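Structure assessment
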Amino acid sequence: MSDSSISKFFEKTRKERLDIVANFANLSTKELEILQSNDGGLSFEKADNMVENTIGTFSLPLGVATNFLINGKNYLVPMVIEEPSVIAAASSGAKIARIQGGFQAICDESFSIGQIQILNTEINSATKILNSSKEIIDLANSFSNTLSKMNKGAKQVSCKEIDTALGKMLIVELFIDVGDAMGANITNTMCEGVSTLLEKITGGKALLRILSNYSTKRIAKVTAIFDKKEIGDQVIDYIISAYQFADNDVYRAVTHNKGIMNGIIAVANATGQDSRAIEAAAHAYAAKSGKYRSLSTWTRDSNGNLVGSLELPLSVGIIGGIANVHPIAKVCMKILQVSSAKELACIMIATGLAQNFSAIKALSTDGIQKGHMQLHARNLATAAGAKPDQVDKIVQKMIQEKKISLDRAKEILNNLVDL
Ligand code: MEV
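Not measured: the values here are computed from a predicted model.

Quick notes on the rules
Residues numbered from 1 in each chain as written. Predicted model: local features only at pLDDT ≥ 70, side-chain atom pairs only at ≥ 80, totals over all residues. Heavy atoms only, no water. Helix = DSSP H or I, 4+ residues; strand = E, 2+ residues; numbered from the N terminus. Buried < 20%, exposed > 50% of the residue type's maximum accessible area, 1.4 Å probe, protein only. Contact = heavy atoms within 4.5 Å. Areas by Shrake-Rupley, 256 points an atom, 1.4 Å probe, with all protein chains shown as cover. Polar contact = N/O pair within 3.5 Å; in protein donor to acceptor, adjacent residues only side chain to side chain. Pairing = 2+ DSSP bridges. Axes fitted to C-alpha atoms, helices over the stretch in contact; angles between N-to-C directions. Near = heavy atom within 4 Å. Domains from an automatic or database assignment. 1 Å grid on protein atoms, 1.4 Å probe; cavity = no way out; pocket = protein on both sides within 12 Å on 5 of 7 lines; lining within 4 Å. Points joined across faces, edges and corners; volume = space filled by probe spheres on them. Nonpolar A, V, L, I, M, F, W, Y, C, P; charged D, E, K, R; others polar. Patch = residues over 30% accessible without salt bridge, like charges linked within 9 Å, V, L, I, M, F, W, Y side chains within 5 Å. Salt bridge = Lys/Arg side-chain N within 4 Å of Asp/Glu carboxyl O.

1. Concerning the overall build of the chain
- Within the chain, the secondary structure is distributed over 17 helices and 10 strands.
- Along the longest, intermediate and shortest principal axes, the C-alpha atoms of the chain span 90 × 50 × 40 Å.
- Here the chain holds 419 residues, and the buried ones make up 49% of them.
- A separation of at least 24 residues holds for 72% of the contacts in the chain among residues at least 6 apart in sequence.
- Accessible area of the chain: about 20500 Å², with a carbon and sulfur share of 52%.

2. Thoughts on the side chain of Gln390
- With respect to the helices and strands, the residue Gln390 is situated in helix α16 (residues 388-401).
- Residue Gln390 is classed as buried on the basis of its relative accessible area, which comes to 16%.
- A polar contact of 2.7 Å, which involves the side chain of Gln390, links it to the backbone nitrogen of Lys387.
- Excluding anything up to four places from it in sequence, Gln390 contacts Gly385, Leu413, Leu416 and Val417.

3. Concerning unusual backbone geometry
- Even without being a glycine, Lys8 presents a positive backbone phi close to 50 degrees.
- The phi dihedral of Asn71 is positive, around 50 degrees, even though this residue is not glycine.

4. Some remarks on the environment of Glu83
- Relative to the elements of secondary structure, Glu83 occurs in the loop between β2 (73-80) and α4 (86-99).
- A sequence separation of 178 residues divides Glu83 from Met261, and the C-alpha atoms of the two residues are 12 Å apart.
- Apart from residues lying up to four places away in sequence, Glu83 is in contact with Lys258 and Asn262.
- A distance of 3.0 Å separates a polar atom in the side chain of Glu83 from a polar atom in the side chain of Lys258.

5. Some details on the sheet that holds strand β5 (residues 153-164)
- With antiparallel pairing, the four strands of this open sheet are ordered in space as β5-β6-β4-β7. Looking at which strands have only one partner, the edges of the open sheet turn out to be β5 and β7 (205-212). For this sheet the average axis-to-axis angle between neighbouring strands, irrespective of direction, equals 20 degrees.
- In terms of strand pairing, β5 meets strand β6 (residues 167-177) through 11 bridges, oriented antiparallel. Looking at the pairing, Asp163 lines up with Lys168 of β6.

6. Here we look at the site of the ligand
- The immediate surroundings of the ligand are formed by Glu83, Arg252, Thr255, His256, Lys258, Gly259, Asn262, Ala359 and Leu363.
- The side chain of Glu83 places a nitrogen or oxygen atom 2.6 Å from an oxygen atom of the ligand.
- Considered on its own, the ligand offers 300 Å² of accessible surface; in the complex 87% of this is hidden by protein.
- Going through the elements one at a time, α11 (250-270) and α14 (341-363) are the ones with two or more residues in the shell around the ligand.
- Take the shell around the ligand: its biggest share by element is six residues, from α11.

7. Considerations on the domain arrangement of the chain
- When its domains are assigned, the chain resolves into domain 1 (9-107 + 221-366), domain 2 (111-212) and domain 3 (370-418).
- Here the C-alpha centre of domain 3 lies 60 Å away from the C-alpha centre of domain 2.

8. Re the layout of surface pockets
- Of the volumes computed, that of the second largest pocket is approximately 190 Å³.
- Those elements that provide at least two residues to the lining of the second largest pocket are α10 (233-248), α12 (275-286), β9 (296-300) and β10 (306-313).
- Among the elements that line the lining of the second largest pocket, the one with the most residues is β10, at three residues.
- For the lining of the second largest pocket, the residue count by class is six nonpolar, five polar and four charged.

9. Observations regarding empty space enclosed by the protein
- Tallying each qualifying case throughout the model produces one cavity of 30 Å³ or more.
- Sorting elements by how many residues they give to the lining of the largest cavity places α14 first, with three residues.
- Here the lining of the largest cavity is built from residues that sort into five nonpolar, one polar and three charged.

10. Digging into the environment of Glu82
- With respect to the helices and strands, the residue Glu82 is situated in the loop between β2 and α4.
- As for Glu82 and Lys134, which are separated by 52 residues in sequence, their C-alpha atoms are 48 Å apart.
- Leave out the neighbours within four places in its chain, and Glu82 touches Leu60 and Pro61.

11. Looking at the pairing of strand β4 (residues 111-119)
- In this structure, β4 lies alongside β6, joined through eight bridges in antiparallel fashion. Paired with Ile113 across the two strands is Phe175, which belongs to β6.
- Pairing of β4 with β7 involves six bridges; the strand directions are antiparallel. Bridge pairing links Gly114 to Leu211 in β7.

12. Re a nonpolar patch on the surface
- Side chains of Met50, Val51, Ile322 and Val325 sit close together on the surface and give an oily, nonpolar patch of about 270 Å² of accessible area.
- Tracing the backbone shows Met50 in helix α3 (residues 44-50).

Listed below in structure tokens is the structure:
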């Protein structure tokens, strides 16, 4: 198994980085070409088939985070994001987590929840629905040969009555094992498919028939130990105080959780997931106690090390959806070498925790601007044409002078060359 702890990956040229990733993931020449294509991998024709009124495509940076060790397996994690520092922060969090064995992650089976809203029902409708569970499940499953063949598909029906300003409404829910798919399409198909039967059973009118994005039957959990010697006692106390701030103040909690989602959504983008579904579920989960809180927790273990955990619903798929259409998403899946949707969810949640660790560590020590500026200066020095051994000198000088620009980087580089 290849090792994902690659030193100074950021200082390498694009070609060197691509060679490392290609070796790590056994990428073919064709896959390497896709990563280097000018149209961001997505032809206009493909884009035009995906959405309406298409006039072009839109590219974002794709990087890989290094150092990830999750459940004993090494990963280079592809991340698509426009914000500087996020990929560096994920890599650095993963590097520290590695010292104590990396991330331990688990994920529920992939059950989606489909909802059917029924109005004007006769009395005892809930009992009648539950008594007809088998008939409803069999009908739902008749809409997917693939899931049925894999012994997956609709498994359970449940009912709840909600009070609304318009009176009581009956909500029927289908729990569907969607396997390695995200499952939105099949869930919606099944909900629509059983609605006439539900109307017959209840004497009511089925109105909305749709997947719930609050995917509480697809919870991913991760924990990691961050070494005391590596971060220092004082910083551990600061990080725990930063967590307490987030857990007890909604204004801070939203930003803290946004940092977690920086990691998760960047991997979701790279692998073609529905990022809006993931965001919506995560923030609802943060408020599950009735108060919006931190999605992560930070404590000390008995050895004084820092322990971080993160738990949230993650509805992701490795088959179906754009993960199978977008050429770059397909290559990113290959880089990850995942064999199940659960494995992908484990990687995403680990990236979220790594990201959160680095963000609150930076915030509770130097602040985030210093790292941002250093990265920005480093990128400019490289863009100015500096060789790896010249970059540090140029960065130091620009930061010292507080003049961080491409022109200044070029000037300093020219002076270095003249010397
Ligand atoms: C910036 O995109 C994310 C942070 O604001 C997260 C946080 O404050 O924890 C740095």
